[in-house]
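The chain contents come next:
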Amino acid sequence: MTAALTAALMVPLSGTAAAYPVKHPKLIANPLYEAGPLPTTTCAEPKVKTGDRKLARAYVDAVIACLETTWEQHLTGAGLPYSKIKVRHVAKIPKTCGFKPDKDNSQAWYCVKNRTLFFQIGKSWLADPEDLWLFQLTAYMYGYHVQSLTGIEGAYDAVRYRNDAEYYEQERRYRLQKDCLAGAFLKSVWPMEGRTTEDWNYYVSLMSGGSREYGKTATVRAWAKRGFATGDPGSCNTWTAPSSKVA
């Protein structure tokens, strides 16, 4: 999961001293948190098959279309900025926009500069594409776009830290927020045809953390569940949560 969900911009492990905890208004009191639950819509999943990259790409594009419908309505309704995301399916993630792709055969990267989402769908994601993993992965990656549109990404990039511990905590808050936003989106289109609570529970069981950037597995799952329980981005304010909730 760590390699698959990677941001385009990385902050160096150094910075000027700053007050802590984070107090940037775009992070702790963003208007997104006051906009209410996401609108209830529907999202039909196209068929996917093991090993079929063409179908998987079409599946991702369909989920992106659902995300665009929901987030355009939500953000414009709240008077917040909105612009469409660009999606590129590639055989190999390009070394552009500051990307530093690794050797994994499946990866996704978001470029803040041109608001483009790159998908490299390889064998690992095609091995069992019929669960909710690909759906939620797409929703998670779209979270980068939401954070960019609402100023969260820019504020995250501007906030300083005094040491590695503060850096990694900020990184976890940034990433865990996307887990929660993805859960909120799924709730807004739930129930989905052919899906049951068992599908959601199985997806949650696949989620893992364990690194300093992502947090503990229990933490990752807790924020995803929080978003799914409420369907409200307001419940995804990781920036004011106690450190223990983003560990």
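Please refer to the structure higher up on the page.
This is a predicted model, so every value here is computed, not measured. (Residues numbered from 1 in each chain as written. Predicted model: local features only at pLDDT ≥ 70, side-chain atom pairs only at ≥ 80, totals over all residues. Heavy atoms only, no water.)

**Q** Sorry, what's going on with the overall build of the protein here?
**A** When you go through the protein residue by residue, the secondary structure sums to 8 helices and 4 strands. Along the protein, helices and strands appear, N-terminal first, in the series β-α-α-β-β-β-α-α-α-α-α-α. Relative to the 2.2 N^0.38 estimate, which gives 18 Å for 247 residues, the radius of gyration of the protein is 17 Å and therefore close to what a compact globule would have. C-alpha atoms of the protein, sized along the principal axes, occupy 50 × 40 × 35 Å. Within the span of the protein, comprising 247 residues, buried residues form 52% of the whole. Considering only intrachain contacts with a sequence separation of at least 6, the fraction spanning at least 24 residues in the protein is 75%. (Helix = DSSP H or I, 4+ residues; strand = E, 2+ residues; numbered from the N terminus. Rg over C-alpha atoms; globule rule 2.2 N^0.38 Å. Buried < 20%, exposed > 50% of the residue type's maximum accessible area, 1.4 Å probe, protein only. Contact = heavy atoms within 4.5 Å.)

**Q** I tried to follow the state of the cysteines on my own but got confused; where do I start?
**A** Covalent bonding between the sulfur atoms of two cysteines defines a disulfide. Summed over the entire model, instances satisfying the criterion amount to 3 disulfides. Put simply, Cys 97 and Cys 111 are joined by a disulfide, and their sulfur atoms are 1.9 Å apart. Judged by the sign of its S-S torsion, about 85°, the bond between Cys 97 and Cys 111 is right-handed. Of this pair, Cys 97 sits in the loop between β2 (86–89) and β3 (107–111) while Cys 111 sits in strand β3, placing them 14 residues apart in sequence. Judged by its relative accessible area of 13%, Cys 97 is buried. (Disulfide = S-S within 2.5 Å.)

**Q** Looking at this model, I keep getting lost on the side chain of Ser 106. Mind explaining?
**A** Note on placement: Ser 106 falls in the loop between β2 and β3. Among the polar contacts made by the side chain of Ser 106, one reaches the side chain of Ser 124 at a distance of 2.8 Å. (Polar contact = N/O pair within 3.5 Å; in protein donor to acceptor, adjacent residues only side chain to side chain.)

**Q** Before we go on, may I ask you to explain the environment of Ile 152 in this structure?
**A** By secondary structure assignment, the location of Ile 152 is in helix α5 (residues 152–158). As for Ile 152 and Cys 66, which are separated by 86 residues in sequence, their C-alpha atoms are 22 Å apart. Those residues within four positions of Ile 152 in sequence are excluded, and the remaining contacts are Lys 26, Leu 27, Asn 30, Leu 32, Tyr 33, Gln 147, Gln 177 and Trp 239.

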